[in-house]
Amino acid sequence: MIVYLIAVGSNMPAWVKTGFDEYAGRLRHDVELKLIEVPALVRKKNSDVKRILKEEGDKLLKAIPKNCLIVGLDVVGKEVTTPELSKRMESWMQSGQDIALLIGGPEGFSPEIKALFQQSLSLSKLTLPHPMVRVLMAEQLFRAWSIINNHPYHRE
């Protein structure tokens, strides 16, 4: 199974790439984690946010590989524990379908993109910096994988 983490934003600080690559590299052959970046549009004081969300949404849509289960990472998504995420991941792996995990821009997602979500998850009730979400999601996917495979990384 391939998990595509598709994120609005590029030119991230070096620590983001380092952290993401660390956890993506720990995943084994049954799960591959790939990052796809969609450039964020420039925002100014009086920017048309609806237009920006629509254009970024169009770019996200084009970046989603065919036949993926689409999962939005959204503040209003379902909060799950790490063991619950591991059960979801196990279900994803058994489905034989690749996964597209979407991270929106600063204002989130356009309604058109939200309508495509087959599942929606929230990492926290806190507002998290989008670069950090990439690293956190990579770590949580590795942790979920470690639970599934009885790897000693996760401790309760």
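Per an unreviewed UniProt entry, the protein chain goes by Ribosomal RNA large subunit methyltransferase H and derives from Candidatus Ignatzschineria merdigallinarum. The UniProt entry for the protein chain carries this comment under Subcellular location (unreviewed entry): "Cytoplasm".

I'd love a proper account of the layout of surface pockets, names of residues and values included.
Here the largest pocket is characterised by a volume of approximately 360 Å³. In this structure, the largest pocket is lined by 20 residues; those nearest its centre are L73, D74, V75, L128 and H130. Those elements that provide at least two residues to the lining of the largest pocket are β3 (69-79), β5 (119-122) and α5 (130-148). A per-element tally of the lining of the largest pocket places β3 first, with three residues. Taken together, the residues of the lining of the largest pocket break down into 10 nonpolar, seven polar and three charged.

Tell me about empty space enclosed by the protein, and name the residues and values.
A complete count under the given rule lists one cavity of 30 Å³ or more for this structure. Reported here for the largest cavity is a volume of approximately 40 Å³. Taken together, V8, L53, E56, G57, L60, G105, G108, F109 and S110 form the lining of the largest cavity. No other element matches helix α2 (residues 49-63), which puts four residues into the lining of the largest cavity.

Outline the UniProt feature "binding site: S-adenosyl-L-methionine" (unreviewed entry) in the protein chain, listing residues and values.
In this numbering, the UniProt entry assigns the feature "binding site: S-adenosyl-L-methionine" (unreviewed entry) to L73, G104, L123, S124, K125, L126, T127 and L128. Checking the named residues against the largest pocket, the ones that line it are L73, G104, L123, S124, L126, T127 and L128. Those residues within four positions of G104 in sequence are excluded, and the remaining contacts are V8, F109 and H130. Among the secondary structure elements, L123 is positioned in the loop between β5 and α5. Taking relative accessible area as the criterion, L123 reaches 36% and is therefore assigned partly exposed. Those residues within four positions of L123 in sequence are excluded, and the remaining contacts are L128, V133, L136 and M137.

I'd like to hear about the environment of Y153, residue by residue, with values.
Inspection of the secondary structure puts Y153 in the segment after α5. Sequence separation between Y153 and F142 is 11 residues, and the spatial gap between their C-alpha atoms is 8.8 Å. When residues no more than four places from it in sequence are discounted, the contact partners of Y153 are Y23, R26, E139, F142, R143 and S146. Among the polar contacts made by the side chain of Y153, one reaches the side chain of E139 at a distance of 2.8 Å.

Can you tell me about the packing of aromatic side chains, naming the residues and giving the values?
Scanning the entire structure with this criterion turns up three aromatic pairs. The interplanar angle of 90° and the centroid separation of 5.0 Å between the aromatic rings of F109 and F117 together place this pair among those described as edge-to-face. On the accessibility criterion, F109 (7% relative accessible area) is buried. Overall, F117 belongs to the buried group, its relative accessible area being 15%. Aromatic side chains F142 and Y153 sit 4.8 Å apart centroid to centroid with 65° between the ring planes, which places their arrangement in the edge-to-face category. Separated by 11 residues along the polypeptide, F142 in helix α5 and Y153 in the segment after α5 bring together distant segments of the chain. Given a relative accessible area of 2%, F142 falls into the buried group.

Cut-offs applied
- Residues take numbers from 1 onward in each chain, read along the sequence in its written order.
- A pLDDT threshold of at least 70 governs which residues receive local features in this predicted model, and a stricter bar of 80 or more applies before side-chain atom pairs are shown or counted, although totals over entire chains, interfaces and linings include all residues.
- Hydrogens and water are ignored here; the side-chain numbers use all heavy atoms of the structure.
- UniProt positions are given in the numbering used here, feature names are shortened, and annotations may be inferred rather than shown by experiment.
- Of the grid points, spaced at 1 Å and generated over the protein atoms alone, those admitting a 1.4 Å probe that cannot get out make up cavities, while open sets with protein on both sides within 12 Å along at least five of seven lines make up pockets; any residue with an atom within 4 Å of a point is treated as lining.
- Grid points are joined across faces, edges and corners, and a volume is the space filled by probe spheres set on the points.
- Runs of H or I in DSSP of at least four residues are treated as helices and runs of E of at least two as strands, each being numbered from the N terminus.
- When residues are sorted by character, Ala, Val, Leu, Ile, Met, Phe, Trp, Tyr, Cys and Pro go into the nonpolar class, Asp, Glu, Lys and Arg into the charged class, and all the rest, Gly among them, into the polar class.
- Any two residues having at least one pair of non-hydrogen atoms within 4.5 Å are treated as being in contact.
- We call a residue buried when its accessible area falls under 20% of the maximum for its residue type, exposed when it is over 50%, and partly exposed in between, using a 1.4 Å probe and counting protein chains only.
- Any pair of nitrogen or oxygen atoms within 3.5 Å is treated as a polar contact; in protein, a donor-acceptor pairing is required on top of that, and neighbouring residues in sequence qualify only through side-chain atoms on both sides.
- Aromatic pairing here means that ring centres of Phe, Tyr or Trp (its six-membered ring) are within 6.5 Å. Orientation follows from the plane angle: under 30 degrees is stacked, over 60 is edge-to-face, and everything else is tilted.

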